[in-house]
Every structure is written in C-alpha cells, then in structure tokens.
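Topology and contacts: notes
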Amino acid sequence: YNRALIFLYKGKFEDAQRELDRAASVEPNNPLLRMFRGVTMYYAGQVDEATNLLSEVLVQNPNLNGVRPFLAMCLSAQGEHQAARAELNEDVKRNAAVDPDIAYALASVYALEGARDEAFEWLQRSAALGNENKPLFEHDPNLKALRDDVRFGELIRRITRA
C-alpha cells in the first residue's frame, strides 16, 4: 500500500487503486488495504462509497481507531458533522498523539469542520512527529480553509527547514 499512497499523494487515483488491487490479490481482507482504498475513493470524489467501505472496516475491526478520522472526513463531506465529530474519540486522539499520519488525518477533519485551532494543533503535532510531506500539506483539499492563516505559512516554513 505504500506505492498506492505515493500515487494518492500525487492525485493519481487510478494508479493508487491498481496498486491496492495488486496487494488485495494477496490479502483481500486486510483492513489497512481496505482503509487505504476508502481513503483513495474519498479523494477521488467517491465519498458515499468510501463512507460505506470505511464503516464496514470499522464494524469488522472496531478497535482499529486509525480508520475513524478517515471515516470522519467522509461524514463531514456528506454534511454529517455531528457523526464526524463523534468519530474523534479519545482512542483516536491517543493514537494521533504518537502517529503522524493519524494526527494529520485528525487535523484534516478539524479543518473540514471549521475548527481551525484544533486543526493547527494536530497539524503541528503531525509535523513534530516527523510528517514532512510538504506537497500534501500544500495541496490537500481538506486543508484549503487553513491556507490563508499565518500559522499555515509558519508550519510550511518549519517543515521546509526540517
């Protein structure tokens, strides 16, 4: 799935899906592969399908808390704001406190939900944990509402220096 993520970051969703298909031929029920498929669907604009898939992954793996912020992104995009925020429980935040990708996903949900301070808190945590994916920070549509904030420019400069 790492190759799929690279394609996802580049906006090459069909290539990402192809990589996930290859990996799924070996492990068709791997929950992480299914999660990344859902994330790819979300970014490709297939929000309803992504929501269904990520919900299914969580029903089958209720303790896989890293899936919850991605489901929350989908729910936010569908206007289900209360449900989106409900996914951001303490277990998710505990995972995000030590995982830069989950911290980034949590920040994305807060950005989508208009909670700028929380979004910046988790983006900064993500960067402090080692997320230096500057192109993702700069181009992810989930963060669009944050880019006009001075804190965003400061964060990008810190990532660039790192």
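Our structure's up above, just so we're on the same page.
Residues numbered from 1 in each chain as written. Predicted model: local features only at pLDDT ≥ 70, side-chain atom pairs only at ≥ 80, totals over all residues. Heavy atoms only, no water.

**Overview of the packing of aromatic side chains**
Which entries qualify depends on this criterion: Only rings of Phe, Tyr and Trp enter the pairing, Trp through its six-membered ring, and a pair is recorded when the two centres are within 6.5 Å. The plane angle decides the type: under 30 degrees is stacked, over 60 is edge-to-face, the rest tilted. Throughout, exposure labels follow a simple rule: accessible area from a 1.4 Å probe, protein chains only, divided by the maximum for the residue type, with under 20% read as buried, over 50% as exposed, and the rest as partly exposed.
By the definition in use, this model includes two aromatic pairs. Taken together, a centroid distance of 5.0 Å and an interplanar angle of 80° make the contact between Tyr42 and Tyr43 edge-to-face. The exposure class of Tyr42 is buried, given its relative accessible area of 10%.

**Looking at helix α9 (residues 116-128)**
Convention followed: Helix numbers and strand numbers start at the N terminus; a helix is a DSSP run of H or I with at least 4 residues, a strand a run of E with at least 2. Helices are assigned an expected span. That span is 1.5 Å times one less than the residue count. What makes two residues a contact is simply this: any of their non-hydrogen atoms within 4.5 Å.
Between its first and last C-alpha, α9 extends 18 Å over 13 residues, near the 18 Å set by a 1.5 Å rise per residue. Looking only at α9, the buried set comprises Ala119, Phe120, Trp122, Leu123, Ser126 and Ala127. Looking at the buried positions of α9, the neighbouring elements they touch are α7 (90-96), α8 (100-112), α10 (134-139) and α11 (150-161). Phi turns positive one or two residues past the end of α9, at Gly130, with a value near 115°.

**Regarding the environment of Leu32**
Considering the arrangement of structural elements, one finds Leu32 in helix α3 (residues 31-43). The sequence separation of Leu32 and Val67 amounts to 35 residues, and the corresponding C-alpha distance is 8.4 Å.

**Structural notes on the pattern of salt bridges**
Filter applied, for reference: Any carboxyl oxygen of Asp or Glu that lies within 4 Å of a side-chain nitrogen of Lys or Arg is treated as forming a salt bridge with it.
According to the stated counting rule, one finds 13 salt bridges in the structure shown. Among the salt bridges present, the one from Glu19 reaches Arg22, with a minimum N-O distance of 3.8 Å. Of this pair, Glu19 and Arg22 both sit in helix α2 (residues 13-26), three residues apart, which is roughly one turn of that helix. With relative accessibility at 49%, the residue Arg22 sits in the partly exposed group. In this structure, the salt-bridge partner of Arg68 is Glu87, at a minimum N-O distance of 2.8 Å. One end of the pair, Arg68, is in helix α5 (residues 68-77); the other, Glu87, is in the loop between α6 (81-86) and α7, and 19 residues separate them in sequence. Comparing Arg68 with Glu87, the two get one shared label, buried.

**Overview of the packing of α3 against helix α4 (residues 47-60)**
As a reminder of what qualifies: Each axis is a line fitted through C-alpha atoms, and for a helix only the stretch in contact is used; angles between axes span 0 to 180 degrees, taken between their N-to-C directions. Roughly parallel means an angle under 35 degrees; roughly antiparallel, over 145; roughly perpendicular, 65 to 115; everything else is oblique. In this scheme the crossing of two helices becomes right-handed for a clockwise turn of the near helix relative to the far one and left-handed for an anticlockwise turn of less than a right angle.
As a packed pair, α3 and α4 sit with axes 8 Å apart at the nearest point and diverge in direction by 160°. Between α3 and α4, the angle falls in the class roughly antiparallel. Crossing geometry of α3 relative to α4 is assigned as left-handed. Each of Pro31, Arg34, Met35, Arg37, Gly38, Met41 and Tyr42 in α3 lies in contact with α4, whose residues at this interface are Val47, Glu49, Ala50, Leu53, Leu54, Glu56, Val57 and Gln60.

**Description of the nonpolar core**
Defined as follows: Throughout this description, the term nonpolar core refers to a set of buried Ala, Val, Leu, Ile, Met, Phe, Trp, Tyr and Cys residues connected via side-chain atoms within 4.5 Å.
Phe70, Leu123, Phe137 and Leu146 are the most contacted members of the largest nonpolar core, which has 51 residues in total. Considering every element that reaches this core, the biggest residue donor is α8, with nine residues. If near-sequence neighbours (up to four positions away) are discounted, Phe70 is found in contact with Met35, Val39, Leu54, Ile102 and Ala105.

**Looking at the packing of α8 against α9**
This is how it is decided: For this classification, the nonpolar set comprises Ala, Val, Leu, Ile, Met, Phe, Trp, Tyr, Cys and Pro, the charged set comprises Asp, Glu, Lys and Arg, and every other residue, Gly included, is treated as polar.
Running from N to C, α8 and α9 cross one another at 165°; their axes reach a closest spacing of 8 Å. Judged on the interaxial angle alone, α9 and α8 are roughly antiparallel. Between α8 and α9 lies a crossing whose hand is left-handed. Counting all contacts with α8, which are made through Pro100, Ala103, Tyr104, Leu106, Ala107, Tyr110 and Ala111, the residues of α9 involved are Glu118, Ala119, Trp122, Leu123, Arg125 and Ser126. Grouping the amino acids of the contact of α8 with α9 by side-chain chemistry returns 10 nonpolar, one polar and two charged.

**Remarks on helix α1 (residues 2-9)**
Where we set the bar: Summarising the geometry, the arc corresponds to the directions from the helix axis toward the C-beta atoms.
For α1, every residue scored as buried is listed here: Ala4, Leu5 and Leu8. All buried residues of α1 fall inside an arc of 100° around its axis, so they share one side. Of the residues flanking the end of α1, it is Gly11, one or two places downstream, whose phi is positive at about 75°.

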